[in-house]
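# Secondary and tertiary structure notes
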Amino acid sequence: EAQVTQNPRYLITVTGKKLTVTCSQNMNHEYMSWYRQDPGLGLRQIYYSMNVEVTDKGDVPEGYKVSRKEKRNFPLILESPSPNQTSLYFCASSPLEPWGTQYFGPGTRLLVL
Amino acid sequence: AQTVTQSQPEMSVQEAETVTLSCTYDTSESDYYLFWYKQPPSRQMILVIRQEAYKQQNATENRFSVNFQKAAKSFSLKISDSQLGDAAMYFCAYRTDQGGSEKLVFGKGTKLTVNP
């Protein structure tokens, strides 16, 4: 089954404790992206990657890191989480050509105390 | 920078009736893609419909159709014969590759309630 998986689905942590949210897709897509969703703000792009070893900032990259060492994986790293990073996070992937339909993961709900 | 505006934070419709959700966007590009995504209470993001800007014909997917007005930069979603399962948040999104970077910009969403 074609899918994007994220782990963990739910996470409670404390300020300053490094964490990683994994994202994996099995569709051989070149493009992968991370979004955060906050009430009243919709989805905002954090980082994206157009292929292995190619990453770029989205609209809200501060406090986040990513890496793309393999085509299927695109982990999101929070080196020192803060309470303002409490949010719902989505990973998504799509082929570059024809670009268009992004397949979303199920979301990761993060609470930073 | 591209922006997407959904002016209706909430909408409601009676089951079996028709409802239209509004979306406007701001861009200087001539070629782009527009999308409507649905987010039910499960929080899963589901693509409803997409429209390529170079196509004049409005996209349709079963009970879902769009009214794409390129000159007005408007992209509304019409849901016909509304069903209880249509209740969800709906997000309009714009795809840009300005400067060689691929980005998807979302509106803030419209919460649709379907009344039985």
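Now for a description of the structure that goes with this document. As the structure is a prediction and not an experimental result, all values here were calculated from the model. (Residues numbered from 1 in each chain as written. Chains lettered and ligands numbered in written order. Predicted model: local features only at pLDDT ≥ 70, side-chain atom pairs only at ≥ 80, totals over all residues. Heavy atoms only, no water.)

Here we take up the packing of aromatic side chains. Describing an aromatic ring pair means giving the distance of the ring centres and the angle of the ring planes. Applying the stated rule across the entire model yields 16 aromatic pairs over all chains. Summarising the aromatic geometry, the rings of Phe35 of chain B and Tyr37 of chain B are spaced 6.2 Å apart at their centres and angled 40° between planes, so their arrangement reads as tilted. Given the relative accessible area of 0%, Tyr37 of chain B is considered buried. Centroid distance Tyr37 of chain B to Phe106 of chain B: 5.9 Å. Interplanar angle 50°. Geometry classified as tilted. Separated by 69 residues along the polypeptide, Tyr37 of chain B in strand 5 (residues 33-39) and Phe106 of chain B in strand 11 (residues 103-106) bring together distant segments of the chain. Every member of this aromatic cluster is reached through a ring pair, and the members are Tyr35, Phe90 and Phe104 of chain A together with Tyr33, Phe35, Tyr37, Phe91 and Phe106 of chain B. (Phe/Tyr/Trp six-rings, centres within 6.5 Å; stacked < 30°, edge-to-face > 60°. Buried < 20%, exposed > 50% of the residue type's maximum accessible area, 1.4 Å probe, protein only. Helix = DSSP H or I, 4+ residues; strand = E, 2+ residues; numbered from the N terminus.)

All names here are of chain A. Taken in spatial order, the 4 strands line up as 1-3-8-7 in an open sheet, and their pairing is antiparallel. Bordering the open sheet on either side are strand 1 (4-7) and strand 7 (65-66), each of which pairs with just one other strand. In this structure, strand 7 lies alongside strand 8 (residues 76-78), joined through 2 bridges in antiparallel fashion. Residue pairing across strands places Val66 opposite Leu76, the latter belonging to strand 8. (Pairing = 2+ DSSP bridges.)

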